Each structure stands twice: as C-alpha cells, then as structure tokens.
Amino acid sequence: MRYSKKELEGLPIPKEIVVRDLAEYINLFSNNEFENYIFRGEPTNYHDTISSALRNKEYPFIQMKNEFRREIFHRLTPDERSNFLAFAQHHGIPTNLIDFTRSPLVALFFSCQPFHSSNRSFEQERGFVYLLKDELIDITDLLSRNEDKNFLDLFIRNENNIILDLYRGFADFYKRHPEKFYYYFKQLADDWQYYFVDRQPRIPKNSKFPLYNNGEYLRGLPYEYVKDSKELIAEIKRQYGSIELVALEYTLKLQSFLKQTLAFEATVWWLNCIPNFLYTPILSFERGRNQQGLFIYQAYLSFDERTYKTRILSQQRVWPDVIIVIENKEKVLHELDFMGINEKLIYGDYDSIARYIKKKYD
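Numbers given to residues run from 1 along each chain, matching the order in which its sequence is written. Reporting of local features is limited, given that this is a predicted model, to residues whose pLDDT is at least 70; pairs of side-chain atoms are given and counted only at 80 or more, and all residues count toward the totals for whole chains, interfaces and linings. The side-chain numbers reported here are obtained from all heavy atoms of the structure, hydrogens and water having been left aside.

(A) Fine view of the overall build of the protein chain. From N to C terminus, the protein chain includes 16 helices and 11 strands. C-alpha atoms define the radius of gyration in this analysis, and the globule rule sets the expected value at 2.2 Å times the number of residues to the power 0.38. Taking 2.2 N^0.38 as the reference for a compact globule, 362 residues should give roughly 21 Å; the C-alpha atoms of the protein chain span a radius of gyration of 22 Å, in line with that estimate. Overall, the C-alpha framework of the protein chain stretches about 70 × 55 × 45 Å when taken along its three principal axes. We call a residue buried when its accessible area falls under 20% of the maximum for its residue type, exposed when it is over 50%, and partly exposed in between, using a 1.4 Å probe and counting protein chains only. In the protein chain, which comprises 362 residues, the share counted as buried stands at 51%. Pairs of residues are marked as contacts when any of their non-hydrogen atoms sit within 4.5 Å. If you take every contact in the protein chain between residues at least 6 apart in sequence, the share linking residues at least 24 apart comes to 75%. Accessible surface, the protein chain: about 18600 Å² in total, of which carbon and sulfur atoms supply 49%. Side-chain charges of the protein chain comprise 49 positive and 51 negative groups, with the mean position of each set lying 3 Å from the other. Strands here are runs of E lasting at least two residues and helices are runs of H or I lasting at least four, both read from the DSSP assignment and numbered beginning at the N terminus. For the accessible areas, the method is Shrake-Rupley and the probe is 1.4 Å, while residue cover comes only from the protein chains on display. Charge assignment in this entry is limited to Lys and Arg as positive and Asp and Glu as negative, and neither His nor the chain termini are counted. Here the site of a charge means atom NZ of a Lys, CZ of an Arg, CG of an Asp or CD of a Glu.

(B) Up close: the pattern of salt bridges. Salt bridges are identified by distance alone: a Lys or Arg side-chain nitrogen within 4 Å of an Asp or Glu carboxyl oxygen. A complete count under the given rule lists 25 salt bridges for this structure. Of the charged contacts, one joins Arg126 and Glu327 as a salt bridge, the two residues approaching to 3.5 Å between their closest N and O atoms. Residue Arg126 is found in the loop between helix 5 (104-111) and strand 4 (127-133), and its partner Glu327 is found in the loop between strand 11 (322-326) and helix 14 (329-338); the two are separated by 201 residues along the sequence. Taking the relative accessible area as the measure of exposure, Arg126 reaches 21% and is therefore partly exposed.

(C) Just the pairing of strand 11, in detail. Taken across its five residues, strand 11 has five buried, putting it largely inside the fold. Between any two strands, pairing holds if DSSP finds at least two bridges. With five bridges connecting them, strand 1 (residues 15-19) and strand 11 associate as parallel partners. Residue Val18 lies in a different strand from strand 11, and its bridge partner there is Val325. Summarising the sheet, strand 4 and strand 11 pair through five bridges and their orientation is antiparallel.

(D) Just the nonpolar core, in detail. By nonpolar core we mean a set of buried residues, namely Ala, Val, Leu, Ile, Met, Phe, Trp, Tyr and Cys, connected to one another through side-chain atoms within 4.5 Å. In terms of nonpolar packing, the biggest core is built from 61 residues, with Phe257 and Phe277 touching the most fellow members. Here the element with the most residues in this core is helix 9 (residues 178-197); it accounts for 10 residues. Judged by nonpolar contacts, the second largest core, of 24 residues, contains Leu22, Phe39, Val106 and Phe110.

(E) Main features of the pairing of strand 3 (residues 97-101). The buried count for strand 3 comes to four of five residues, which makes it a mostly enclosed element. Relative to strand 8 (residues 293-297), strand 3 is paired through five bridges, and the arrangement is antiparallel. The partner of Asp99 across the bridge, within strand 8, is Phe295.

(F) Representation of the side chain of Ser51 within the structure. Within the secondary structure layout, Ser51 lies in the loop between strand 2 (37-42) and helix 2 (61-72). Classification of Ser51 by relative accessible area gives buried; the value is 1%. In contact with Ser51, not counting residues within four places along its chain, are Thr95, Asn96, Leu97, Ile98 and Gln298.

(G) Looking closely at helix 9. Given a helix with a known number of residues, its expected span is that number minus one, times 1.5 Å. For helix 9, which comprises 20 residues, the first-to-last C-alpha distance of 27 Å matches the rise-based estimate of 28 Å (1.5 Å per residue) to within 8%. Looking one or two residues past helix 9, Arg199 carries a phi angle of roughly 55°, positive in sign.

(H) Examining the packing of helix 8 (residues 162-176) against helix 9 more closely. Only C-alpha atoms enter the line fits that serve as axes; for helices the fit covers just the stretch in contact. Angles between N-to-C directions range over 0 to 180 degrees. As a packed pair, helix 8 and helix 9 sit with axes 5 Å apart at the nearest point and diverge in direction by 125°. One finds that helix 8 runs oblique with respect to helix 9. Across from Phe170, Phe173, Tyr174, Lys175 and Arg176 in helix 8, the residues of helix 9 making contact are Pro178, Lys180, Phe181 and Tyr184. For this classification, the nonpolar set comprises Ala, Val, Leu, Ile, Met, Phe, Trp, Tyr, Cys and Pro, the charged set comprises Asp, Glu, Lys and Arg, and every other residue, Gly included, is treated as polar. Across the contact of helix 8 with helix 9, the residue classes tally to six nonpolar, no polar and three charged. When an angle is under 35 degrees it counts as roughly parallel; over 145 it counts as roughly antiparallel; between 65 and 115 it counts as roughly perpendicular; any other value is oblique.

(I) Looking closely at the sheet that holds strand 9 (residues 300-305). Taken together, three strands build an open sheet; the order of strands is 6-10-9 and the sheet is mixed. In the strand order of this sheet, the two ends are held by strand 6 (270-271) and strand 9, each with one partner. Sheet topology places strand 9 next to strand 10 (residues 310-316); six bridges connect them, and they run antiparallel. When the bridges of strand 10 are listed, Asp304 appears paired with Arg311. Here helix 12 (residues 245-264) sits on the sheet in contact with strand 6, strand 9 and strand 10, set at roughly 25° to strand 9.

The following block contains the structure:
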C-alpha cells in the first residue's frame, strides 16, 4: 500500500520506506546512504510541499515583510537585518521559503506531531519525512541583494544583470550534477513544446529532446540561443575565464520560456524545469540553530490571465526523492524525548520550555 500519494504524470515516483520505531529510523542512516540529503518532516500526507506565502491563497508577502521591517528593524542585530527574510518567516510572516533541516531527527520530530482533520484524504496516524538530494543551487548571496523583489521577475528583465549570476549557478550545477541538469533541461524542452507549440493536446509531454546517452545529447543540441549571444559570451569569459555553453543555452531558453509564459498568459501551474534553490542565511535565533535549519526558495510567477480573468500562480515544485513513512507517531515521540529531541530543544524559547515542563506533570 502506498501512503505518500506522491505520484504525478511526468515526475519520478519517490522511493518509499516505512518505519515503526526510532531504532528502525536511525538504522536507515547507519550506512551513510542518505548523507547528502536534506530533510523535512510533515505530520500528514499533504498533497504538495508549498511555501506559506503561496499556500491556499497568494499572500502579498513582500509588502507584509517590508511592513514588518518598518516596525522592528531598529531593534535587530546586524545578522538579523542581513537575513531578514528568514527572520520574518521565523516570526510568522508568510514567505516563499520552505523549511528544511540537515538533521533527520529534527525532521522526525515534526513528522510525529499530532494531526487532526475531517478530510479523510489526509493521514491521521502516520507522519512523513521527505528527503531531498542536496542537488541544489545556493542563491544565498544573490537573494540577500534582491530579497524585496520576485526572483523570476528579475531574471525575465535581466535586472542588475542577474542573468550572469544565474548562469554561473546553472553552470556549477551542470558540472556537479550532469544527469540532474539533463533532467531539468529535458523538462524545459518538453514544457516548451507542450505549452507553446502543441498547446497542451498531448500527455505525456514529448519534445523529442535527445537521449542522455552518457552526455552525448550535448552534440545534438541546436544551441539556438547561444548563437545570438556573442556579447554575453564575451562578458562571461571576461568574468569567469571559461564558459559552459550548455548551461548558457539552458539559462537563455529558461528566460525565454518564462517570458513566453507571461506573453501567452499560459496556465503553467507548476515550474518543473528549474532546479531547487537553496537559501542558507545565518540563523542567529536559537530555534534556527537548534533545528539546523535551512530553506528551499520556492520560485514563482504571478500574473492575470485576461480572457477568463483568472489569477495564474506558477510555482516551482518541490518534489521529494525519498519518503519515510512513520508509524506509531506517539511512541516515536516518546523515544525522541528520551534521546533529548523534544519541544524544549527544538524551539528553545521560554514559553516552549515552560510548556514542555507542564506536560511532564499533566
């Protein structure tokens, strides 16, 4: 029986593992199989992992964050100011950040929290730990310079010459993870064919993108965007000394895809053709440090479709590679508490410590 419900056309089905107690869970990590992963615990099988600002409705979170800044910025430390997006999320402002951790035990704690819902499609008794391979593009520095604007809007307009920064990120991603890079490039080609050529008549999507074949697909690419980018190529060589043409072709085709999405007002609900972006700010508050927290930055486009007066919110999908299904949540929570992983440690604030102590005597 499948518990995760993480099956969608065109996306890989995550590997699924069921554990029944803490010992089974810890044993999963004894051979370092999941050493290069990050983790997120959820107390039920939500259909998608979506940031708080883009969930249920689209919050004007940048305006909310800026108003929060005006109210409290004068009280903050330099680290809190320079990492204000994470600080705002920590204090309840919706953002397009998704919490992850490098600690599988912290993720397990969150997956074992009680969950009650009248919606029968949600699990009541089982928890879920989602594992994402650390095949990510770190945009921490770039985001710290542009956190008050929509990242993809900047990319479409090439504001502040951001295309150079993104090219460099994609080029590094290509060198470190060539097969994963191919996966996203093929998704981009398939989506282009589906939305702008075939206009959505066929499933599955198929652009006849060349097969990977140990990297031989590079010879079959037309490099249509690179051909018209001599000045950009020269600038990249001046700044970085060399160039990865396939990464530049992907960067420019992705920029054009996003421009076309806005121009056609296409109903592209999910942006499955972009690697996940990592945001690792300095977390000076105790909760962030205790949780070994980091974030996935969920990129998005938001615009109005004129024909039907519909608001389109295109989101980057955060899709797990592995799902660990947790049975016996209450038992596992007790075992975690014995090992020192509890509300007192995870949150660290006075109220949480007091609440933890009170529960011991209830």
